[in-house]
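# Structural overview for review
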Amino acid sequence: MGLTAGIVGLPNVGKSTLFNAITKNKVLAANYPFATIEPNVGMVVVPDNRVDVLNEMYQPKSLVKATVEFTDIAGLVKGASVGEGLGNKFLSHIREVDAICEVVRAFDNNNIIHVEGKVDPIRDIEIIELELILSDLEIVNNRIGKIEKKATTTKDKDSLTELAVLKKCLTLLENNKVLRNGDFESDELLILKSFNLLTSKPIIYIANVNEDEVNSDNEYVKLIQKYASNEGSKVVVISAKMEEDLSELSEDERKIFLSDLGLEMSGLDKVIKETYDLLGLATYFTAGIDEVRAWTFKKGMKAPECAGIIHSDFERGFIRAEVMSYSDLISCGSELKVRENGKARLEGKEYIMQDGDICHFRFNV
């Protein structure tokens, strides 16, 4: 789908360690600010046991799982919006992503320096939030300066609408409010999207704790959770160092390790799944003896658009989609039984694809 999530945070909070674990790549993760100078990009598999079940059922020649893209972005410091540290580079890189995964330090370790002198997760969150707000303010003010005279003198409808949205943004930003929490109508959101403003992007907080705290919420985590709940965001608790170590193990060894800790899923898998959802993504499947494949689509897409993800001809010549749900296939036991139970469906051009749909597209070009 071409969507990507950016891993952001202050220096030395565990961003690059987490990125190493996510992508199983070895990017530089040094104990000093700006270890990651250029953004590192990696594609990772989305954990989804439905693909494995379909693989067992169909025994295909090939198996393709869904993926999501992460970008590790250089650490931000106070004053980034006016060029401090790698501020301009940071802000330009974060502007290119579709969602934000903010790593927040929630552990004490005297051997790992904190750029602000001591651990304080809410202060850290607010430092980044303020820099993003200041950057958005500059863009909004510049745009208002360019179109306000034209809008008020010509009474051009589009310009007046845009100006109203910008002034709404300005009010929020001047009151230190992020735009993603603003009350915007659907048509206003379309205008807002065109500016690619930083505080309009969805966000998830990743609380990075010590290895012995992954099963319990420390006081830092509780503060982050309270802050996130007030703005309707989610928090995933991880130990980035433990996840990096886990990434070196085989699948069987990982399961044993997690089981010993009383965990059903690694923190890393939770991050990936939550990020997939944060980006507004879902999965449909194609399944047969040649291939079982998970296809990523944006929630709300109609059947022809989803068919076009496979090939543009599928969308251009779309006739119908033969659809059954994953849950129906599992409960019935086979495609034949799904049909015999009347649960197979023919869907047309207006059908909105659902997560877990198993599809066969009919088309003619």
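## Points about the overall build of the chain
When helices and strands are tallied, the chain shows 14 helices and twelve strands. With the model as given, the accessible surface of the chain reaches about 18000 Å², and the carbon-plus-sulfur share is 49%.

## Quick notes on empty space enclosed by the protein
Enumeration according to the criterion identifies one cavity of 30 Å³ or more in this entry. Quantified by volume, the largest cavity comes out at close to 50 Å³. Counting residues per element, the ones that place at least two in the lining of the largest cavity are strand 5 (99-105), helix 4 (121-154) and strand 6 (203-208). Per-element tally for the lining of the largest cavity: the top contributor is helix 4, with four residues. Looking at side-chain class alone, the lining of the largest cavity contains six nonpolar, no polar and three charged residues.

## Some remarks on helix 10 (residues 267-278)
Here helix 10 contains twelve residues, and its C-alpha end-to-end distance of 16 Å stays within 8% of the 16 Å for a straight helix at 1.5 Å per residue. Those residues of helix 10 not exposed but buried are Gly 267, Leu 268, Asp 269, Val 271, Ile 272, Thr 275 and Tyr 276. Looking one or two residues past helix 10, Gly 280 carries a phi angle of roughly 75°, positive in sign.

## Observations concerning the sheet that holds strand 4 (residues 67-72)
Overall, mixed pairing links the six strands, which are arranged 2-4-1-5-6-7 in an open sheet. The open sheet terminates on both sides in strands that have one partner only, identified here as strand 2 (40-45) and strand 7 (234-238). The mean angle between the axes of side-by-side strands here comes to 25°, regardless of whether they run parallel or antiparallel. In terms of strand pairing, strand 2 meets strand 4 through six bridges, oriented antiparallel. Considered in strand 4, the bridge of Val 45 is made with Thr 67. Its contacts with the sheet put helix 4 on strand 5 and strand 6, and the angle it makes with strand 5 is roughly 145°. Together, strand 1 (4-8), strand 2, strand 4, strand 5, strand 6 and strand 7 form the strand contacts of helix 10, whose direction differs from that of strand 7 by roughly 160°.

## Topic: the nonpolar core
Ranked by size, the top nonpolar core spans 70 residues in total, and within it Leu 18, Ile 22, Leu 54, Val 68, Phe 70, Ile 94 and Tyr 205 carry the most contacts. Apart from the residues within four sequence positions on either side, Ile 94 is in contact with Val 8, Ile 73, Ile 100, Leu 132, Leu 198 and Lys 201. Residues Ile 144, Leu 163, Leu 170 and Leu 192 belong to the second largest nonpolar core, which totals 19 residues.

## A word on the packing of helix 5 (residues 157-174) against helix 6 (residues 186-195)
At a minimum axis separation of 10 Å, helix 5 and helix 6 run at an interaxial angle of 75°. The angle between helix 5 and helix 6 places the two elements in the roughly perpendicular class. Every residue of helix 6 that contacts helix 5 at Thr 161, Glu 162, Val 165, Leu 166, Lys 168 and Cys 169 is listed here: Glu 188, Ile 191, Leu 192 and Phe 195. Residue composition of the contact of helix 5 with helix 6, grouped by class: six nonpolar, one polar and three charged.

## With respect to the side chain of Asn 218
Among the structural elements, Asn 218 can be located in the loop between strand 6 and helix 7 (219-230). The exposure class assigned to Asn 218 is buried, which follows from its relative accessible area of 12%. Looking at Asn 218, its side chain comes within polar contact range of the main-chain nitrogen of Val 221, at 2.7 Å. The contacts of Asn 218, once residues within four sequence positions are left out, are Ala 106, Val 209 and Glu 213.

About the thresholds
- All chains use their own residue numbering, which begins from 1 and follows the written sequence.
- With pLDDT at 70 or above as the cut-off, local features in this predicted model cover only qualifying residues; side-chain atom pairs require 80 or more to be listed or tallied, and sums for whole chains, interfaces and linings still use all residues.
- For side-chain calculations, the full set of non-hydrogen atoms in the structure is used, while hydrogens and water are omitted.
- Note on conventions: DSSP H or I runs of at least 4 residues are helices, E runs of at least 2 residues are strands, and numbering of each starts at the N terminus.
- Residue burial considers only the protein chains on display, and all accessible areas are found by Shrake-Rupley using a 1.4 Å probe.
- Put simply, the grid is 1 Å and covers the protein atoms alone, a cavity is a trapped set of points that fit a 1.4 Å probe, a pocket is an open set with protein on both sides within 12 Å along at least five of seven lines, and lining residues have an atom within 4 Å of a point.
- Grid points are joined across faces, edges and corners, and a volume is the space filled by probe spheres set on the points.
- By the convention adopted, Pro, Cys, Tyr, Trp, Phe, Met, Ile, Leu, Val and Ala count as nonpolar, Lys, Arg, Asp and Glu as charged, and the other residues, Gly among them, as polar.
- What a helix should span is 1.5 Å times the count of its residues minus one.
- Residue exposure (1.4 Å probe, protein chains only): buried if accessible area is under 20% of the type maximum, exposed if over 50%, otherwise partly exposed.
- Two strands form a pair only when DSSP identifies at least two bridges running between them.
- Axis definition: a line fitted to C-alpha atoms, limited for helices to the stretch in contact. Angles are taken between N-to-C directions and run from 0 to 180 degrees.
- Contact criterion: two residues are considered in contact whenever any of their non-hydrogen atoms come within 4.5 Å of each other.
- The definition of a nonpolar core used throughout is a set of buried Ala, Val, Leu, Ile, Met, Phe, Trp, Tyr and Cys residues joined through side-chain atoms within 4.5 Å.
- Oblique is the label for any angle not covered by the other classes, which are roughly parallel (under 35 degrees), roughly antiparallel (over 145) and roughly perpendicular (65 to 115).
- Each polar contact in these results corresponds to two N or O atoms within 3.5 Å; when the atoms are within protein, one needs to be able to donate a hydrogen and the other to accept it, and residues that are neighboring in sequence are counted only if both atoms are side-chain atoms.

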